[in-house]
Amino acid sequence: MKTRTFLLAMFMLAASSVVMGDGMQYELRVDGLACPFCAYGIEKKLKKTTGVKTVAFDLEAGKVIVTTEESARFTEDEMERLIEEAGFTLRGMTERELP
Amino acid sequence: MERVVQRKRQWKRRWCWAGVLLWPGLPALAHDPVFGLGPHTLFKGAVEVHVGVDRSAAGARDQRVATLELAYGVTANWTLRAELPYLARDGAGDGLSDFALATKYRFWRRDGLGVQESASVLLRLKTDSAGRAQGTDTTDVLGGIAYGYESRKWYRWAALRYLSRGETGAGLERGDRLLADLVLGIRFRQTAYLEPDWVWMVELNGERTGRDELDGRRLPDSGGTRWFVSPGLMWTWRNFAVKTGMQIPLAEDLDGTQPETDYRARLELEWHF
């Protein structure tokens, strides 16, 4: 009985990770990103936010790539507030579930 | 009568030192100019630790000032700053100089892809905490306005500042000072986020100082105009910045007999948390 319960729990955990994925990836188009030093404010603001795992930058393209833990979800309004507090302007956001 | 003349000479000597060498050390955020004023403010909740060393020479006079500054980003557009300088002069001892508080507010910002333009106003209050020995013996107020254009390659800044200087305990009214700055900067190689980043700058700094007054009379050996050309460099890596530059006199039109400036140099280290 114990073995069956454990196997069932493992199956449900595996199934949930397939359905929910490993988290989200947000691609933010940010205006005003001219220098790496100034971009640190975005890294700091985002990494202080619960659920954010990684923050990466493509300064030439004005992009900030954010990955989150599986339970974390952000709206565009929430991202816009964080970017504004860092001193920049959010122009757009796309999101996708990580495989 | 002789004593009065002697006293005036002493004051002249003392304020030549202060006037020539104690130019307003200013809250200069990284990616602001080294000597001029820029519009940068900290991100909301940011703490900045800033250590600066200034050295200046005029004739036989040599002065060094080390300053510890702490700043806090109240919002992304509003920064508060406290400055504590330590002053050392040849033959005049050393010690803590006047404590200062400053605030900068960014009232305009326009962002584009890889570009940020902004404008800020600054207010700085230098207290009389150190008195005559290591300070200026005055409470001074500085107001300024700055515009900045920052892109992946080019930087441009322009600023105007007005320094209103107070009256010393002995009744000397120091002349006010108007400062103007034009700065051009370039990043030769566009670096990625975690790469060390270099920006080279050249500044044109102008200063017009009014005459000092004592007992209602204008002192002849005070006031005048100075222009400097100032090459500088900003090196940053993630949240750490080093800035350095040197002011080289271009032209000086000083009233009466005053020592001309040889150079002024500055080195700044800055951390953002």
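Here goes a summary of the coordinates provided. Model, not experiment: these values are computed from the prediction.

Take the overall build of chain A next. A count of helices and strands for chain A gives three helices and four strands. Listed by position from the N terminus, the elements making up chain A come as α-β-α-β-β-α-β. The buried share of chain A, reckoned over its 99 residues, is 47%. When contacts within chain A are restricted to residue pairs at least 6 apart in sequence, long-range pairs at least 24 apart make up 67% of them.

In this section: the packing of aromatic side chains. Residues and elements named next belong to chain B. What the rule picks out here adds up to nine aromatic pairs over all chains. Relative to Phe 240, the ring of Trp 235 has its centre 6.2 Å away and its plane inclined at 75°; by these criteria the two rings are edge-to-face. Grouping aromatic residues by their ring pairs yields a cluster made of Trp 198, Trp 200, Trp 235, Phe 240 and Trp 271. Across the ring face of Tyr 149, the terminal group of Arg 156 is positioned such that the distance to the ring centre comes to 4.0 Å.

Residues and elements named next belong to chain A. The tally for this structure, following the rule as stated, stands at one disulfide over all chains. Sulfur-sulfur distance for the disulfide between Cys 35 and Cys 38 comes to 2.5 Å. Across the disulfide from Cys 35 to Cys 38, rotation about the S-S bond amounts to roughly 95°, and the bridge is consequently right-handed. A relative accessible area of 0% means that Cys 35 is categorised as buried. Owing to a relative accessible area of 14%, Cys 38 belongs among the buried residues under this scheme.

As a general feature of sheets, a regular strand has side chains that alternate between the two faces. Residue and element names in this part refer to chain A. Examined bridge by bridge, strand E1 (residues 24-31) and strand E3 (residues 63-68) share five bridges and lie antiparallel to one another. Counted as the bridge partner of Glu 27 is Ile 65 from E3. Examined bridge by bridge, strand E2 (residues 52-58) and E3 share six bridges and lie antiparallel to one another. If you follow Thr 54 over to E3, its bridge partner there is Thr 67. A loop of four residues connects E2 with E3, the two strands running antiparallel in sequence, and Gly 62 in this loop sits at a positive phi of about 65°.

All names here are of chain B. For Phe 228, the location among the structural elements is in strand E14 (residues 224-237). For Phe 228 and Leu 250, which are 22 residues apart along the polypeptide, the C-alpha to C-alpha distance reads 5.0 Å. In this view, Phe 228 contacts Glu 203, Leu 204, Asn 205, Glu 207, Gln 247, Ile 248, Pro 249, Leu 250, Glu 252, Thr 261 and Arg 264; residues no more than four positions away in its chain are not counted.

Thresholds, definitions, all that
Residues numbered from 1 in each chain as written. Chains lettered and ligands numbered in written order. Predicted model: local features only at pLDDT ≥ 70, side-chain atom pairs only at ≥ 80, totals over all residues. Heavy atoms only, no water. Helix = DSSP H or I, 4+ residues; strand = E, 2+ residues; numbered from the N terminus. Buried < 20%, exposed > 50% of the residue type's maximum accessible area, 1.4 Å probe, protein only. Contact = heavy atoms within 4.5 Å. Phe/Tyr/Trp six-rings, centres within 6.5 Å; stacked < 30°, edge-to-face > 60°. Lys NZ or Arg CZ within 6 Å of the ring centre and 35° of its normal. Disulfide = S-S within 2.5 Å. Pairing = 2+ DSSP bridges.

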